[in-house]
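What the coordinates show
Given next are the chains, with one letter for each unit.
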Amino acid sequence: MPLVAVTMPQLGESIAEATIIRLDVAIGSEVQADQEIIEVETNKATMGVTTLCGGVVKELFAEEGETYAVGTILGLLEATAEEVERTGVTVHGDESAATPVEEEVNRPHDYRPGTEEESYTPPKVEVEPSVQGLKVPAGGLQGAHYISPRMRARMNELGLQGADVSAIAGSGAGGRVTVEDLESFLSYIEGWPGTKASPMRLAVADAMRRSWTRPLATVGMEAPLEKLVAYRKTLDPKPGLTLFLLRAFGLALKEHPATAGFLVGQKVVHPKAYDIGVAVQVEDGVVVPVVRNVDQRSVSELSADYENLVVQSRDKKVPEEAVGGGIATVTNFGTFGLRWATPVPLPSETLILGMGSGEKRPVWDEAAGQFVPVLEAELTLTFDHRVVDGGGAGVLLRRVVELLQKPEDL
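Residues numbered from 1 in each chain as written. Predicted model: local features only at pLDDT ≥ 70, side-chain atom pairs only at ≥ 80, totals over all residues. Heavy atoms only, no water.

When helices and strands are tallied, the protein shows 9 helices and 21 strands. Within the span of the protein, comprising 410 residues, buried residues form 41% of the whole. Contacts spanning at least 24 positions in sequence make up 63% of the contacts within the protein whose residues lie at least 6 apart. (Helix = DSSP H or I, 4+ residues; strand = E, 2+ residues; numbered from the N terminus. Buried < 20%, exposed > 50% of the residue type's maximum accessible area, 1.4 Å probe, protein only. Contact = heavy atoms within 4.5 Å.)

What follows is the structure in structure tokens.
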């Protein structure tokens, strides 16, 4: 009977590989077309691998916990000729249907059903991730100073980045970190308790390393919340405070578009749309789904999309249309009881706006001639100082605070 390959699909423009979390079928399982049979985790979300046709699982090459490149064969389905014709899938081993790339990357030449080669394990293919044809950094970052070529070669062998060895004091000339320093450090920490970093944790680490190649600065100010909280109580359902912050940020950015650009060479590129990400804390990482056209939709119009994205993010199932393309991010670190923080913007963004926890504080009332309790929260705006100066960031932040004082207009 014809065999049909189950391959690791392209799960996003910038995704080159994924880790198997769970296999939902076993050899001999009967499956239907478009059935989710494997759950995988990328550096962005948890997704499913589905079948292209119905049939019976003949072989499974994938293993839970292992990472495979896009295009790798994960298993084989035994299908009827009628099913193959109905779905129009390519039969595994059909030389005429395969392109040279498929022959080299997706199809094992030495596999033949019914032979001893059935134990074939697909190679982990190196695939260059890209976004619309432009290569995306995927490891291989070179950042630490005073590292010798021999040391760099050893780090590459071990898969280490410059930031991973930043704790090592160099004993070489001029403070250069040597291979001996590295081996001594590795011996020192050998046996310490540790856990394997998840794809999401590694993605966050990579993004933050790239973010800190820029000069980042932070400004902050208090935002009175009395009017916002009172107005929110009149609504049913009650939108989260973060949604009001998101909307105010979008409107302020539209009024001050120069602050929303990012520097490319000698040109500041400005956004075509005001799409803003929302930082959502998940297990072992942060997911940032993007809410589209924030400046064009009111809080009530944004509410359903926003709530759905938060739920999907916590399940690590962010829809593709909500991934990437944001010009800035908002984060409510006040949910963790924090009054002040300096969140870091994503490498592709210039700004991140954060809100701290609301607290009653004494504020001088000139008319009453005394201090009165006012509910306030600290807002912080971290920005790329190459694009925005402190004054511009301050004007933008003050405008956000002003907009929050008229929540009914948001």
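Bringing the sheet that holds strand β1 (residues 3-7) into the picture now. Strands pair in a sheet through their backbones, by hydrogen bonds, and they do so in one of two ways: parallel or antiparallel. If you trace the 4 strands from one edge of the open sheet to the other, you get β1-β8-β6-β3, paired in antiparallel fashion. Only two strands of the sheet have a single partner each, and these edge strands are β1 and β3 (30-31). Of the strand pairs in this sheet, β1 and strand β8 (residues 73-78) are connected by 5 bridges, and their pairing is antiparallel. By the bridge assignment, Val4 is partnered in β8 with Leu77. (Pairing = 2+ DSSP bridges.)

For the rest of this paragraph, the subject is unusual backbone geometry. Each neighbour pair has its own omega, and for Asp236 with Pro237 the value is 0°, a cis peptide bond. Along the chain, the position of Pro237 falls in the loop between α6 (226-233) and α7 (241-255). Here the phi dihedral of Asp34 falls at roughly 65°; this positive angle occurs in a residue that is not glycine. Following the sequence through the fold, Asp34 ends up in the loop between β3 and β4 (36-41). With relative accessibility at 59%, the residue Asp34 sits in the exposed group. The backbone phi angle of Asn293 is positive, close to 50°, even though this residue is not glycine. Here Asn293 lies in the loop between β17 (290-291) and α8 (299-314). The class of Asn293 is partly exposed, set by a relative accessible area of 28%.

Here we take up the pattern of salt bridges. Pairs can form between side chains of opposite charge whenever their charged atoms are close. This model, assessed by the stated rule, comprises 18 salt bridges. Arg361 is the salt-bridge partner of Glu359, the closest N and O atoms lying 3.8 Å from each other. Relative accessible area serves as the criterion here: at 28%, Glu359 is assigned to the partly exposed category. Classification of Arg361 as buried rests on a relative accessible area of 12%. Put simply, Glu378 and Arg361 hold a salt bridge, and the shortest N to O gap is 3.4 Å. In this pair, Glu378 is assigned in strand β21 (residues 370-384) and Arg361 in strand β20 (residues 359-365), connecting sequence segments 17 residues apart. Overall, the relative accessible area of 12% leaves Glu378 in the buried class. Each of Arg339, Glu359, Arg361, Glu376 and Glu378 takes part in a single network of salt bridges with overlapping partners. (Salt bridge = Lys/Arg side-chain N within 4 Å of Asp/Glu carboxyl O.)

This brings us to the confidence of the model for the protein. For the protein, per-residue confidence averages 80 on the pLDDT scale, and 84% of positions sit at 70 or higher. Averaged pLDDT values over the elements of the protein bottom out at 35 in helix α2 (residues 100-106) and peak at 94 in helix α9 (residues 390-404). Taken together, the stretch residues 95-119 has pLDDT below 50 and engages in 36 contacts with residues farther than four places along the chain or on a different chain. This model gives residues 124-145 a pLDDT under 50, and the stretch forms 38 contacts once residues within four places in sequence are excluded. (pLDDT = per-residue confidence, 0-100.)

With that settled, the discussion passes to the sheet that holds strand β5 (residues 46-50). In spatial order, the strands read β5-β4-β2-β7; together these 4 strands make up an open sheet with antiparallel pairing. Of all strands in the sheet, those bounded by a partner on one side alone are β5 and β7 (67-69). In this sheet, neighbouring strand axes are inclined to one another by 45° on average, regardless of whether the strands run parallel or antiparallel. (Axes fitted to C-alpha atoms, helices over the stretch in contact; angles between N-to-C directions.)

What follows is about the nonpolar core. The tendency in soluble globular proteins is for nonpolar side chains to be buried side by side. By size, the foremost hydrophobic cluster in this structure holds 51 residues, and its most contacted members are Leu246, Phe249, Leu253, Leu379, Val400 and Leu404. For this core, the leading source of residues is α7, giving 9 residues. Setting aside chain neighbours within four positions, we find Phe249 in contact with Ile276, Ala328, Thr329, Val330, Leu351, Leu353, Leu381, Leu396 and Val400. Judged by nonpolar contacts, the second largest core, of 19 residues, contains Ala18, Val49, Val57 and Ala62. (Core = buried A, V, L, I, M, F, W, Y, C linked by side-chain atoms within 4.5 Å.)

Right, let's get into the environment of Leu346. Its place among the elements puts Leu346 in the loop between β18 (328-332) and β19 (351-355). Beyond its immediate stretch of four places on either side in the chain, Leu346 contacts Met208, Ser211, Arg214, Val288 and Thr329.

Right, let's talk about empty space enclosed by the protein for a bit. Counted by the stated rule, this structure contains 1 cavity of 30 Å³ or more. In this structure, the largest cavity occupies an estimated 30 Å³ of space. Around the largest cavity, the lining residues are Val6, Val25, Ile37, Val57, Glu59, Leu60, Gly75, Leu76 and Leu77. Those elements giving two or more residues to the lining of the largest cavity turn out to be β6 (55-60) and β8. Class assignment of the residues belonging to the lining of the largest cavity gives a composition of 7 nonpolar, 1 polar and 1 charged. (1 Å grid on protein atoms, 1.4 Å probe; cavity = no way out; pocket = protein on both sides within 12 Å on 5 of 7 lines; lining within 4 Å. Points joined across faces, edges and corners; volume = space filled by probe spheres on them. Nonpolar A, V, L, I, M, F, W, Y, C, P; charged D, E, K, R; others polar.)

With that settled, the discussion passes to the packing of aromatic side chains. Enumeration over the complete set of coordinates arrives at 3 aromatic pairs. Aromatic side chains Tyr188 and Trp192 sit 5.3 Å apart centroid to centroid with 65° between the ring planes, which places their arrangement in the edge-to-face category. Accessibility classification places Tyr188 together with Trp192 in one group, the exposed group. (Phe/Tyr/Trp six-rings, centres within 6.5 Å; stacked < 30°, edge-to-face > 60°.)

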